[in-house]
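Coordinate analysis (summary)
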Amino acid sequence: MTTERVPDPWQDYRKRRRWARLAFLLVPCALSAGTLWSTTVTALLVVISGAACISAVRFVESWQCPRCGRAFFRRGRTHNSFAKRCMHCALPKWTHPDSMPNAADAPLPNRASWV
Ligand SMILES: [Zn+2]
């Protein structure tokens, strides 16, 4: 009997989310640096940490749904980092794609169900 591990389709999302949390932790660190260094250095650190946060959010939102392969948290110009369902195929967050019906059979979510 072999115990074959099924790959977790959400592993990459967890990794991206961890990076985003780390980026958000940089902001208070940069702000507290103002007590140690000059205003110019502090402003530079705040700008860098802000850019890191924006990049981290974009990194998380560009994560692709394990079922439909499109951006889970983005649909056209609309994006929601806290969406509980894929904004394309309505796959619930943290659900294995094989446990739900085919993406073509699933109803498209309305805007209220994305949150
Ligand atoms: Zn999807």
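Computed from a predicted model, the values in this text were never measured in an experiment. (Residues numbered from 1 in each chain as written. Predicted model: local features only at pLDDT ≥ 70, side-chain atom pairs only at ≥ 80, totals over all residues.)

Turning our attention to helix H2 (residues 39-61). Taking 1.5 Å as the rise per residue, H2 with 23 residues should run 33 Å; its terminal C-alpha atoms sit 33 Å apart, in good agreement. Of the positions making up H2, those classed as buried are Ser-49, Ala-56 and Val-60. Where H2 is buried, its residues meet helix H1 (11-32). (Helix = DSSP H or I, 4+ residues; strand = E, 2+ residues; numbered from the N terminus. Expected span 1.5 Å × (residues − 1). Buried ≥ 20, exposed ≤ 12 C-beta atoms within 10 Å, placed from the backbone. Contact = placed C-beta atoms within 7 Å.)

What follows concerns unusual backbone geometry. With phi around 70°, Ala-90 is a residue other than glycine that occupies positive phi space. The phi dihedral of Trp-94 falls on the positive side, at around 70°, and the residue is not glycine. Turning to its location among the elements, Trp-94 is positioned in the segment after strand S2 (78-79). We classify Trp-94 as exposed; it has 11 C-beta atoms within 10 Å.

Close contact between H1 and H2 brings their axes to 8 Å; oriented N to C, the two are set at 165°. With respect to H2, the element H1 is oriented roughly antiparallel. Viewed along their axes, H1 and H2 form a crossing whose handedness is left-handed. Counted together, Arg-16, Arg-17, Trp-19, Ala-20, Ala-23, Phe-24, Leu-26, Val-27, Ala-30 and Leu-31 of H1 and Thr-42, Leu-45, Val-46, Ser-49, Ala-52, Cys-53, Ala-56, Val-57, Phe-59 and Val-60 of H2 form the full contact between these two elements. (Axes fitted to C-alpha atoms, helices over the stretch in contact; angles between N-to-C directions. Parallel < 35°, antiparallel > 145°, perpendicular 65-115°, else oblique. Left-handed = near helix turned anticlockwise from the far one by under 90°.)

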